[in-house]
Every structure is written in structure tokens, then in C-alpha cells.
Amino acid sequence: MPKKAYEDELLRLQRELVKLQEWVRTEGVRMVIVFEGRDAAGKGGAIKRVTEYLNPRIARIAALPAPTERQRGQWYFQRYAEQLPAAGEMVLFDRSWYNRAGVEKVMGFCTDEEYWQFLHQCPTFERMLVEAGILLRKYWFSVSDVEQERRFRDRLDDPMRQWKLSPMDVESITRWEDYSRAKDEMFVYTDIPESPWNVVESDDKRRARINMIAHLLSSVPYHEVVKPAVTLPPRPEPRGYQRPPRDLQKYVFDHAAAVLAQHGQ
């Protein structure tokens, strides 16, 4: 997708996301958006574009680390339930409870019994969320094996993004078909009418972000909230305040001046 067309449409959609946020806040809506997909499929980039202009107190990202020893002894869904939104909040799950049907299944981090119990309980768990009034949207970002490997190689050569290439990511290359089978089986059990999966083709990242955000907005019956007009009061007349001498305070080094000097400015 050409950059200009992408940026223009992205900005328009982001304006709508701000309207959606205000609707969520004023109407006391609870919204959950699940981002899943293969490694390097573009989930993180999509989340960044969704939240770029949103209030982090309203639109919160939940990206949970590996469970603690105590959490391993809890009901599997418990630590995810703790992240669910209150009234007037949106939570975006950067990976979610579906870890059990993906990486845990493929890498052997859970038992067969735990895996099948998850597939049995997950639809019930999600139906409970929907019945409680939570707006639940699930997105699966689909990337080809060729494009995934290309993105991995880009990360290898980019010191700013090497942290995004973990041993688990590397392992996903050799287990491509295992992950494919796990995803297909997961869809059989969890693609239910109450909370269907929405697949986002993401070989083209720009197109994927536009398509995902547009779909999200189209799926929610939000409307623009009329906010009371805000006016700035007149600044009061000075009442004798004197600022302390500057040399009594410690200021950060003017690095910008050094950079400009290097460029002859």
C-alpha cells in the first residue's frame, strides 16, 4: 500500500478511534481486543497504531510475561481475568489466553490434559464475557512463511530491533507446520458465533493495520460524543512572584545545541 494513501487513511481512522474511546468512556462500555498470530505477523505494530492517540488510562495494553510459580498454580484464565476492563475502559491483549493453544501446545509447555481442558473451557469463558456485556473482538494476524523469515532477517541486521527476535521466535521457523496445525485446531473449537475470529492478512503491514482498524470501528455501534466546550480562562495579573535564580537549579545538558553546532547551525 503506498505510503501517502496509508498515512492519510490511518489518520482518518485514528480520529475515529478517539471518538470510539470517548464513547467507551462516557457510556461505561467494557471492550476487549485480542491480538494473536504468528511471530513477526505485525501484532505489535497494529497495537501501536490503534493506541497512538488514545488515553492510556482508558485504552490499556495487557502484554503479560511468563506466569510466576504462584500463577502456574491458579486456574489458567485467572491472571487474564484480572486484566479485564472496568466500565469505561478498553484492554488490548498483546497475546492472550490463547498462548495455551499456540506456543504452549507446540513447545510442550503444557500437558495434553491442560491443552484439551483449555479448548473445552475457552468458548465458555468467552461466552461469559460477552453475556456480561463485554465487547470482545479477536484478531488473528496471518503472515506467510516467506514474509516471516524476511522480517526475522531484518531484525537480525537491525540493532534497534534485535530484542524482538527471541529464541522462541527462531524456533517458530522450524515448527511452522506445527503452529499451522495448532492454529487450525484452535479455530475449530474457539471460532464461535459469540466471539468469532477475524483474520487479518498481514504480509503488507500497512494494509493489515488499515483493514484491522476499519473492521474494529465497523463492528462497534459507537457514536460521536458531544463534549462541553472548553475555554481558557484569562491569565490573572501578576502578584509579585519572583522566580529563583536559575543557577540554583540543575538543568539538563543542552544536547540539542551540540547537535546543531555539529550541523553548522
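Residues numbered from 1 in each chain as written. Predicted model: local features only at pLDDT ≥ 70, side-chain atom pairs only at ≥ 80, totals over all residues. Heavy atoms only, no water.

1. Looking at the nonpolar core
Stage number 1. Core analysis: the largest hydrophobic core is formed by 31 residues, its most contacted members being L20, I33 and M212.
Stage number 2. When residues of this core are traced back to their parent elements, those giving at least two are α1 (3-27), β1 (30-37), α2 (43-51), β3 (89-94), β4 (135-142) and α10 (205-218).
Stage number 3. It is α1 that contributes the most residues to this core, seven residues altogether.
Stage number 4. Judged by nonpolar contacts, the second largest core, of 25 residues, contains F77, Y80, V91 and L129. (Core = buried A, V, L, I, M, F, W, Y, C linked by side-chain atoms within 4.5 Å. Buried < 20%, exposed > 50% of the residue type's maximum accessible area, 1.4 Å probe, protein only. Helix = DSSP H or I, 4+ residues; strand = E, 2+ residues; numbered from the N terminus.)

2. Let's talk about α2
Every α-helix winds through 3.6 residues per turn, so residues three or four apart in the chain are directed the same way.
Stage number 1. Those residues of α2 that sit buried are K43, G45, A46, I47, V50 and T51.
Stage number 2. Summarising the contacts, the buried residues of α2 are in contact with α1, β1, β2 (59-62), β3, β4 and α10. (Contact = heavy atoms within 4.5 Å.)

3. Description of the packing of helix α6 (residues 112-131) against helix α9 (residues 176-190)
Stage number 1. For the pair α6 and α9, interaxial distance at closest approach is 9 Å and the crossing angle is 40°. If you check the angle between α6 and α9, you find them oblique. Here the hand of the crossing between α6 and α9 comes out right-handed. Two secondary-structure elements touch here, α6 through Y115, W116, L119, C122, P123 and E126 and α9 through E185, M186, Y189 and T190.
Stage number 2. Taken together, the residues that form the contact of α6 with α9 break down as seven nonpolar, one polar and two charged. (Axes fitted to C-alpha atoms, helices over the stretch in contact; angles between N-to-C directions. Parallel < 35°, antiparallel > 145°, perpendicular 65-115°, else oblique. Left-handed = near helix turned anticlockwise from the far one by under 90°. Nonpolar A, V, L, I, M, F, W, Y, C, P; charged D, E, K, R; others polar.)

4. Considerations on the UniProt feature "domain: Polyphosphate kinase-2-related" (unreviewed entry) in the protein
Stage number 1. Within this numbering scheme, the UniProt entry marks residues 3-225 as carrying the feature "domain: Polyphosphate kinase-2-related" (unreviewed entry).
Stage number 2. Secondary structure content for residues 3-225 is 52% helix and 14% strand, while the C-alpha to C-alpha distance between its ends is 31 Å. (UniProt positions renumbered as here; feature names shortened; annotations may be inferred.)

5. Notes on the pattern of salt bridges
Stage number 1. Across all of its chains, the model carries 23 salt bridges by this definition.
Stage number 2. For E171, the salt bridge is made with R175, and the minimal N-O distance between the two is 2.8 Å.
Stage number 3. Under the relative-accessibility criterion, R175 is labelled partly exposed at 25%.
Stage number 4. Residue R181 pairs with D178 through a salt bridge whose shortest N-O separation is 3.7 Å. (Salt bridge = Lys/Arg side-chain N within 4 Å of Asp/Glu carboxyl O.)

6. A short note on the pairing of β4
Residues in a regular strand point their side chains to alternate faces of the sheet.
Stage number 1. The buried fraction of β4 amounts to six of the eight residues, a majority that puts the element mostly inside the structure.
Stage number 2. In this structure, β1 lies alongside β4, joined through seven bridges in parallel fashion. By the bridge assignment, M31 is partnered in β4 with L135.
Stage number 3. With five bridges connecting them, β4 and strand β5 (residues 197-201) associate as parallel partners. In the sheet register, W140 faces β5, and the bridge partner there is V199. (Pairing = 2+ DSSP bridges.)

7. Overview of the state of the cysteines
Stage number 1. For the structure on display, the rule yields zero disulfides.
Stage number 2. In this structure C110 is a free cysteine whose sulfur lies 13 Å from that of C122, the closest cysteine sulfur available.
Stage number 3. The class for C122 is buried, based on a relative accessible area of 0%. (Disulfide = S-S within 2.5 Å.)

8. Focus: the sheet that holds β5
Stage number 1. An order of β2-β3-β1-β4-β5 is seen for the five strands of this open sheet, with the pairing classed as parallel. At either margin of the open sheet sits one strand with a lone partner, and together these are β2 and β5. Going from strand to strand, the sheet's axes swing by 20° on average, the running direction of each strand aside.
Stage number 2. Here four bridges tie β2 to β3, and the two strands are oriented parallel to one another. From the neighbouring strand, R60 faces β3, where its bridge partner is V91.
Stage number 3. Contacting β1, β2, β3 and β4, α2 runs over the sheet at an angle of about 155° to β1.

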